[in-house]
There are 2 protein chains.
Amino acid sequence: MTVDGGVSRPARPAARPVGRVDPDRIPQATVARLAVYLRVLTEMLAQGVRTVSSDVLAAAAGVNAAKLRKDLSHIGSSGVRGVGYDVSRLTEQVESVLGLTRSHAVALVGVGNLGHALAGYGGFAQRGFGVAALFDVDPALVGTTIGGVEVLDVAEIPRVCASKGVTIGVIATPAGAAQQVCDALVGAGVPSILNFAPAVLSVPTGVEVRKVDLAVEMQILAFHVSRHDGRAAADGREATGKVFG
Amino acid sequence: MTVDGGVSRPARPAARPVGRVDPDRIPQATVARLAVYLRVLTEMLAQGVRTVSSDVLAAAAGVNAAKLRKDLSHIGSSGVRGVGYDVSRLTEQVESVLGLTRSHAVALVGVGNLGHALAGYGGFAQRGFGVAALFDVDPALVGTTIGGVEVLDVAEIPRVCASKGVTIGVIATPAGAAQQVCDALVGAGVPSILNFAPAVLSVPTGVEVRKVDLAVEMQILAFHVSRHDGRAAADGREATGKVFG
C-alpha cells in the first residue's frame, strides 16, 4: 500500500476503530463520493433495506466496489464478510463524518435570475441547509421576500452572517461582483462557499470554495455532441466504404 | 512519456498541426478546463487584450501554467516564446474544439422548482445554448409558457426532440423519474445530458452524462465546516495549553 509520495507503509489492521477519523486525511474525492453514498443509503433506509453489500451499494452509487470499500475504510467502516454493511449504522457514520449531524445556516448573495431560483429551491432546506439570509445590491430587490426570507443589502453581510452563525455562503452574483462578495463572507467568518458566478475566487487558507459553473457544464456537453457527430460521420463513411466523405 | 497502461512512446514533435485534433484523445479533465480557459479568454477579448502569456492565462483560470500548456498542446496550440498566445486565435481554436461553432438546441425536462428556475435562467441562451423545448408530466404545468417556450407533455419528447434537433437534454425531475426521462431523450437521439436529479443514470455507450448535484455540493461544504471547526477547536486547546478541552 502506498501513500502520497510513494512511501510504503505496513498494512493497517482490517478493523479500525470508528470515531477516530481524522478529517484531514480523507481525500477530497472521497468526501464527494461519501455524499453520493449517503444519498443512496438514505433511499435504502427509506425502503427498509437493513444490510447492503459493497457491490450493490457501489452499483447504486455509480462507482466500482473496490473504490467504495477504500472510501469507507477512510471513515473507519468495514463491512462484515458475507453480510455487508449495516445501512442504518453506515448512514450515521457518513452523516457524522460529513458534519451533517449539526445544522447549517446558508447565506445566499445575489438574488437575480439564478440566485432567485436557488433561494426558492426547496432542495437546500430539505437536506438541512436552511437559507438563513439573502443579500443583493439592487435597491429594487432589497426589502423583498423570497421563501419567507427578506433580501438585505450586501452591506449587511458582516453583521447578519455573524449574528445568524452562517456556515455556508452561496454566491450567485455576476462574475464582476463575486470576489468582493466572497471577501465579505470570509470576513464574516463563513468557512465554506458555493460559487455559481463564472469567476475564480481567491480565499485564504482554511476556506473551502466549491464551484458550479453551468456554462462550463454545457460546453463540456457541447464537446461531446461534436465528438458524437464526428463518430457518427466516421461510422457512416465506414459503412458506405468511403474513406473521404 | 507514458500513456494508459504504462507503455512508453517516442516523444511527439513539439509543433503539431492545428485542425487535426482527435477529440477522442483529449482527456475529460482537459475538456473541462478548456471551457474555463474559454471564459477567461472571452473576457480578455472583450477588454481588448491581444496576447496573453501562459502564466497570466493560467492564473486567471486558477490552474498552474504547466497544466495549461499541456492542455493547450492537446488542441494543437502552442504559444510563441516571449509573446504568448494570440487571444483571438486561441479563443477560436478552443471554441472549435468544444463544438461551440455550431448551435445547440436544449430540451429541459421537469419544470418544477429547480427546472423552472433553469428554464428562466438567461445564462444558457447567452452562451449559445437556447432552450428549444420544455417538458413536464404535471397537467397543471403542461401548456404554460416559460421564457416564451411552451411546456409540453413528456410523451412528446421523442417527436419534439427529433424535429427540433435537440443535442443537449437537461433533466431536472425528481430522482424517481430521471431514468425514464433519460431513456426517452436518448431514444430521441440526444447525445449529451446534464442531470440535476439526484440519481445515477444508465446510458448506452456514446451518450455523455454530466451531473450537477447541489445537495452533494452542500454536503461537501458541510464537511469542510466541520473540519474547520475541528481545527479551530484544536488551535484553541493548543493556545490555552490544554490537551483535552
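Residues numbered from 1 in each chain as written. Chains lettered and ligands numbered in written order. Predicted model: local features only at pLDDT ≥ 70, side-chain atom pairs only at ≥ 80, totals over all residues. Heavy atoms only, no water.

S.K.: Help me out: how do you make sense of the UniProt feature "binding site: NAD(+)" (unreviewed entry) in chain A in this one?
M.R.: Residues and elements named next belong to chain A. Taken from the UniProt record, the annotation "binding site: NAD(+)" (unreviewed entry) applies to G110, V111, G112, N113, L114 and G115. Within the secondary structure, N113 is located in helix α5 (residues 113-120). Structurally, G115 can be placed in helix α5. In this structure, G115 is in contact with L108, G110 and A172, ignoring residues within four places of it in sequence. (UniProt positions renumbered as here; feature names shortened; annotations may be inferred. Helix = DSSP H or I, 4+ residues; strand = E, 2+ residues; numbered from the N terminus. Contact = heavy atoms within 4.5 Å.)

S.K.: Honestly, the sheet that holds strand β5 (residues 145-146) of chain B in this entry has me stumped. Any pointers?
M.R.: All names here are of chain B. Taken together, the seven strands give an open sheet; going across it, the order is β5-β6-β4-β3-β7-β8-β9, and neighbouring strands pair in mixed fashion. The sheet terminates laterally at β5 and β9 (208-211), the two strands that pair on one side only. Sheet analysis places β5 next to strand β6 (residues 149-153), joined by two bridges and oriented antiparallel. Each residue of the ladder has a partner; that of I146, found in β6, is V149. Sitting on the sheet, helix α7 (residues 157-164) touches β3 (104-109), β4 (129-136) and β6, and the angle it makes with β4 is about 165°. (Pairing = 2+ DSSP bridges. Axes fitted to C-alpha atoms, helices over the stretch in contact; angles between N-to-C directions.)

S.K.: Got a minute to help me understand the relation of the copies chain A and chain B in this structure?
M.R.: Applying a rotation about an axis and a shift along it to one chain copy brings it onto the other copy. Relative to chain B, chain A is turned by 180° and slid 0.0 Å along the rotation axis, the superposed coordinates differing by an RMSD of 0.1 Å. As the rotation angle and translation indicate, the two copies are arranged about a two-fold axis. Minimal C-alpha separation from the rotation axis in chain A is found for A117 of chain A, amounting to 2.4 Å. (Least-squares fit on C-alpha atoms with pLDDT ≥ 70 in both.)

S.K.: When you look at the sheet that holds strand β4 (residues 129-136) of chain A in this model, what are you seeing that I'm missing?
M.R.: By definition, the strands of a sheet pair up through backbone hydrogen bonds, in either a parallel or an antiparallel sense. Residue and element names in this part refer to chain A. What the seven strands build is an open sheet, ordered β5-β6-β4-β3-β7-β8-β9; its pairing is mixed. Two strands in the sheet have a free side with no partner beyond their single neighbour: β5 (145-146) and β9 (208-211). Along the sheet face, helix α8 (residues 175-187) touches β3 (104-109), β7 (168-171) and β8 (192-195) and points at about 170° away from the line of β7.

S.K.: Just to check I follow, could you spell out the interface of chain A and chain B for this structure?
M.R.: Often, the extent of an interface is quoted as the loss of accessible area upon association of its parts. Taken together, the 64 residues of chain A in the interface contact 64 residues of chain B. Each partner contributes to the roughly 5,800 Å² buried at the junction of chain A and chain B, and carbon and sulfur atoms together form 68% of this total. Across the pair R210 of chain B and E217 of chain A runs a salt bridge, and its minimum N-O distance is 2.7 Å. For the pair chain A and chain B, the number of links is 12 residue pairs in polar contact (both at pLDDT 80 or more). (Buried area = accessible area lost by both parts, 1.4 Å probe. Salt bridge = Lys/Arg side-chain N within 4 Å of Asp/Glu carboxyl O. Polar contact = N/O pair within 3.5 Å; in protein donor to acceptor, adjacent residues only side chain to side chain.)

S.K.: Explain the nonpolar core here, please?
M.R.: One broad trend across soluble globular proteins is that nonpolar side chains are buried collectively. L118, L134 and L214 of chain A together with L118, F196 and L214 of chain B are the most contacted members of the largest nonpolar core, which has 49 residues in total. Contact partners of L214 of chain B, with chain neighbours within four places excluded, come to L118, Y121, F124, F196 and V212 of chain A together with L114 of chain B. (Core = buried A, V, L, I, M, F, W, Y, C linked by side-chain atoms within 4.5 Å. Buried < 20%, exposed > 50% of the residue type's maximum accessible area, 1.4 Å probe, protein only.)

S.K.: I keep staring at helix α4 (residues 87-98) of chain B and nothing clicks. Help me out?
M.R.: In an α-helix, one turn spans 3.6 residues, which is why side chains three or four residues apart end up on the same side. All names here are of chain B. The terminal C-alpha atoms of α4 lie 16 Å apart, and with 12 residues this matches the ideal 16 Å at 1.5 Å per residue to within 8%. By the burial criterion, the buried members of α4 are V87, L90, T91, Q93, V94, V97 and L98. Buried residues in α4, looked at end-on, bunch into an arc of 165°, giving them a common side. At the N-terminal end of α4, a side-chain oxygen is found 3.1 Å from the backbone nitrogen of S88, two or three residues along, and the residue is D86. Directly after α4, the chain includes G99, whose backbone phi takes a positive value near 80°. (Expected span 1.5 Å × (residues − 1). Arc of directions from axis to C-beta.)

S.K.: Would you take a moment to explain the environment of V52 of chain B for this structure?
M.R.: Residue and element names in this part refer to chain B. Within the secondary structure, V52 is located in strand β1 (residues 51-52). For the pair V52 and G79, spaced 27 residues apart in the sequence, the C-alpha separation amounts to 8.9 Å. Each residue touching V52, except ones within four places of it in the same chain, is listed here: L41, M44, L57, V83, G84, Y85 and V87.

S.K.: Where do I start with the pairing of β9 of chain A in this structure?
M.R.: Every regular strand shows the same layout, with side chains that alternate between the two sheet faces. Residues and elements named next belong to chain A. What you see with β9 is a clean split: E208 and R210 sit on the buried side and V209 and K211 on the side with no burial. Bridging between β8 and β9 involves four bridges; their strand directions are parallel. Of the residues in β9, the one forming a bridge with I193 is V209.

S.K.: Looking at this structure, I do not really get the confidence of the model for chain A. What am I missing?
M.R.: Low-confidence regions, as indicated by low pLDDT, have predicted coordinates that should not be scrutinised in detail. All names here are of chain A. Looking at chain A as a whole, the pLDDT averages 82, with 87% of positions reaching at least 70. Across chain A, the secondary-structure element scoring lowest on mean pLDDT is helix α6 (residues 123-126), at 72, and the one scoring highest is strand β6 (residues 149-153), at 96. Of the regions scoring below 50 in pLDDT, residues 1-18 engages in 17 contacts with residues more than four places distant in sequence or in other chains. (pLDDT = per-residue confidence, 0-100.)

S.K.: How do you make sense of the packing of helix α1 (residues 28-46) of chain A against helix α2 (residues 54-61) of chain A when you look at a structure like this?
M.R.: Axes are the key here: two packed helices are described by the angle between their axes and the distance separating the axes. Residue and element names in this part refer to chain A. Closest axis-to-axis distance for the α1/α2 pair is 9 Å, and the angle between their directions is 110°. Taken together, the axis directions place α1 and α2 in an arrangement best described as roughly perpendicular. Note that α1 runs across α2; the crossing there is right-handed. From α1, V36, Y37, V40, L41 and M44 reach across to α2, where they touch V56, L57, A60 and A61. Of the residues that constitute the contact of α1 with α2, the class distribution is nine nonpolar, no polar and no charged. (Parallel < 35°, antiparallel > 145°, perpendicular 65-115°, else oblique. Left-handed = near helix turned anticlockwise from the far one by under 90°. Nonpolar A, V, L, I, M, F, W, Y, C, P; charged D, E, K, R; others polar.)

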